[in-house]
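# Commentary on secondary and tertiary structure
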There are 2 protein chains.
Amino acid sequence: VRIDGTDSCPDVLQHALERGILDAAHADLQQAVADADLVVFCTPVDCIAAQVLGAAAACRWGTLLTDVGSTKANIVHAVEGKLPPGVVFVGSHPLAGSEKHGPEHARADLFKDRLVVVTPAEDEALSRVAAFWTALGARVETMSAEEHDRALALTSHLPHLLASALAGILPPQWRGLTASGFRDTTRLAAANPALWTSILHANQESVLDALDRLGDQLHRFRQALSSGDTNLLEALLYQGKQVRDSLRNE
Amino acid sequence: VRIDGTDSCPDVLQHALERGILDAAHADLQQAVADADLVVFCTPVDCIAAQVLGAAAACRWGTLLTDVGSTKANIVHAVEGKLPPGVVFVGSHPLAGSEKHGPEHARADLFKDRLVVVTPAEDEALSRVAAFWTALGARVETMSAEEHDRALALTSHLPHLLASALAGILPPQWRGLTASGFRDTTRLAAANPALWTSILHANQESVLDALDRLGDQLHRFRQALSSGDTNLLEALLYQGKQVRDSLRNE
């Protein structure tokens, strides 16, 4: 296996070469992909589709393109029907990562036992992309881009938005009164704002739906709290606990 | 030092004796406190005041009473002016703990480097209660019960409510699509529902205020998202990141 890479930032390429993450670095995307069997796009979700189309023009017959973007419909549909013959794109989203970024945070076991969602494609392309992810230790599940985006709006995009909203309203004088609860609940707020702006924007409709669902649930809490209905309050807390407890061993 | 304890559940007392956490166990509260220099109430916030008053009647002159409740105004005001002469109550709230409970999760370093908020009292009682907490490794800060409750509504009670609301709206078929982001943001939802019902209820007014502040911020996110105002969206995410990053090293 030989790994070529390109990045908009020369320092990142230099760092990746020095750590042995890349075998060769390129300043130009089309040059980087010219000999590739597989190309993986790890860029913001509002850049991926244009880069896929730009790279595809320079790819040889049989090259498989995929990505790691947190949204799928905007990417898959922008690429659909526009690739040269013999070049295939399959959307991927590995449910792994952290609020950190850059080659200095690279980990060989990042995808171990994690789920990777891939979008529908013809059998050969699907099995090639699945083989790539399973070789890195992941499990693979195929799902339509739309279903993926609806689910991830609730399981990932809304938690980011929420963590950020909660952190954003903390007055400076109360920072010393936070403990591990506040820190865990707001951990995602430390993520890259530009990256998450494009994710939330690209999945606008489903994130707004998820925000409405949460708004309804917060309204139930508010009603229970303001009316002093402790039975309802406890039932709502119990509902959350049941779900959270069910996630422990999955 | 000799540590006597009482609990409504005999199994808990048995377990605490076996692990050497207690020197003696009592079925009766008044019996347990009869010889005490210091009594620490670790019970739900809606039980503490009545237990303090019940215990105080059996205490000898000079006994200092404190608690670890997550709300302070409801407790401090219910006790105020009702204690027998020579018995003093100072409210405490150590900002430490987890969603786990019971003597099997006891840790000697639980309070190390943590903040304990104590409510105003006369100098001698304050310095005795502060000496107790600092001996366990904590830092101590005095704050009015009202200010404590307003701050903790935002830094602790709202995060619990929010974690629970988010966990509660996850449909079963999407549980497999959660990753560490969802799990961290909802960790607090695993806490004891009965315990948190009494905390939220006891601090009703401030929690409703905090919920309103969050509602306003979520409304800003919604406006930015639905109007496609990516500059505003990024500014809101950046605001959250700045606060979150400032908590790292505190």
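Residues numbered from 1 in each chain as written. Chains lettered and ligands numbered in written order. Predicted model: local features only at pLDDT ≥ 70, side-chain atom pairs only at ≥ 80, totals over all residues. Heavy atoms only, no water.

## Observations regarding the pairing of strand β8 (residues 139-142) of chain A
We apply this condition: We treat two strands as partners when DSSP finds at least two bridges between them. Counting from the N terminus, the helices are the DSSP runs of H or I reaching at least four residues and the strands are the DSSP runs of E reaching at least two.
Where strand β7 (residues 115-118) of chain A and β8(A) come together, four bridges link them in parallel fashion. Opposite V116(A), over in β8(A), you have V140(A) as the bridge partner.

## A word on the interface of chain A and chain B
Where we set the bar: Only heavy atoms enter the contact rule, under which two residues are in contact if any of them lie within 4.5 Å. Buried area: the accessible area, evaluated with a 1.4 Å probe, that two parts lose upon being put together, summed over both parts. Here, a salt bridge means any side-chain nitrogen of Lys or Arg that lies within 4 Å of a carboxyl oxygen of Asp or Glu. Pairs of N or O atoms are called polar contacts if they sit within 3.5 Å, as long as, within protein, a hydrogen donor faces a hydrogen acceptor (for residues adjacent in sequence, only side-chain-to-side-chain pairs).
The partner chain B presents 78 residues to the 79 residues of chain A that form the contact. Of the roughly 7,700 Å² buried between chain A and chain B, counting both surfaces, carbon and sulfur atoms make up 67%. When the area that chain A buries against chain B is broken down by residue, the three leading residues are W174(A), L177(A) and L225(A), summing to 10%. Across the contact surface, chain A and chain B share four salt bridges. Here D212(B) ties to R222(A) by a salt bridge, and the two come within 2.4 Å at their closest N and O atoms. Our enumeration of links across chain A and chain B arrives at 24 residue pairs in polar contact (both at pLDDT 80 or more). Among the secondary structure elements, those contributing two or more residues to the side of chain A that touches chain B are β7, α6 (145-168), α7 (180-185), α8 (193-202), α9 (204-226) and α10 (230-247) of chain A.

## Regarding the packing of aromatic side chains
Each aromatic ring pair is specified by the distance between its two centres and by the angle formed by the two planes. Residue and element names in this part refer to chain A. Selection criterion: Aromatic pairs are defined between Phe, Tyr and Trp rings, using the six-membered ring for Trp, whenever the two ring centres lie within 6.5 Å; interplanar angles under 30 degrees are classed as stacked, those over 60 as edge-to-face, and all others as tilted. Only protein chains enter the area calculation, which uses a 1.4 Å probe; residues under 20% of their type maximum are buried, those over 50% are exposed, and those in between are partly exposed.
Tallied over the entire structure, the rule returns four aromatic pairs over all chains. Judged by centre distance (5.2 Å) and plane angle (75 degrees), the ring pair of F111 and W133 falls under edge-to-face. In this pair, F111 is assigned in the loop between β6 (92-94) and β7 and W133 in helix α5 (residues 123-135), connecting sequence segments 22 residues apart. The same class applies to F111 as to W133, namely buried. Put simply, the rings of F111, F132 and W133 touch in pairs and so form one group of aromatic residues.

## Considerations on the relation of the copies chain A and chain B
For clarity, the threshold we go by: Here the copies are superposed with least squares, the fitted atoms being C-alpha atoms of residues at a pLDDT of at least 70 in both.
Structural alignment of chain A on chain B gives an RMSD of 0.0 Å, achieved by rotating through 180 degrees and translating 0.0 Å along the axis. What the superposition gives is, in effect, a two-fold axis relating one chain to the other. By C-alpha distance to the rotation axis, the residue of chain A lying nearest is T185(A), at 2.1 Å. Both copies contact each other with a shared surface, as 99% of the interface residues of chain A are interface residues in chain B too.

## Re α8(A)
Those residues of α8(A) that fall on the buried side of the exposure criterion are P193(A), W196(A), T197(A), S198(A), I199(A) and L200(A). The secondary structure elements touched by the buried residues of α8(A) are α6 and α9 of chain A together with α9 (204-226) and α10 (230-247) of chain B. Measuring from the backbone nitrogen of A194(A) back to the side-chain oxygen at the start of α8(A) gives 2.9 Å, which picks out N192(A) as the cap.

## Remarks on the confidence of the model for chain A
Short version of the rule: The pLDDT value tells you how sure the predictor is about a given residue, anywhere from 0 up to 100.
Taken over all residues, the pLDDT of chain A has a mean of 96, while the share at 70 or more is 98%. Across the interface, the model reports ipTM at 0.92; the global pTM reads 0.92.

## Some remarks on unusual backbone geometry
All names here are of chain A. Here D113, not a glycine, exhibits a phi torsion of approximately 60 degrees, which is positive. Looking at the secondary structure, you find D113 in the loop between β6 and β7. The class for D113 is exposed, based on a relative accessible area of 54%.

## A look at the sheet that holds strand β5 (residues 88-90) of chain A
Strand-to-strand pairing in sheets goes through backbone hydrogen bonds, with the strands running parallel or antiparallel. Residue and element names in this part refer to chain A. We count it as follows: Note on method: axes are straight lines fitted to C-alpha atoms, helices fitted across the in-contact stretch only, with angles between N-to-C directions ranging 0 to 180 degrees.
Read from one edge to the other, the open sheet built from three strands follows the order β3-β4-β5, with strand pairing classed as parallel. Of all strands in the sheet, those with a lone pairing partner are β3 (38-41) and β5, marking the two edges. Averaged over neighbouring strand pairs, the angle between their axes works out to 25 degrees when direction is ignored. The sheet contact formed by strand β4 (residues 64-67) and β5 spans three bridges and is parallel. Directly across from L64, in β5, lies its bridge partner V88. Lying on the sheet, helix α3 (residues 48-56) is in contact with β3, β4 and β5; it crosses β3 at an angle near 155 degrees. Docked against the sheet, α5 engages β3, β4 and β5, running at close to 55 degrees with respect to β4.

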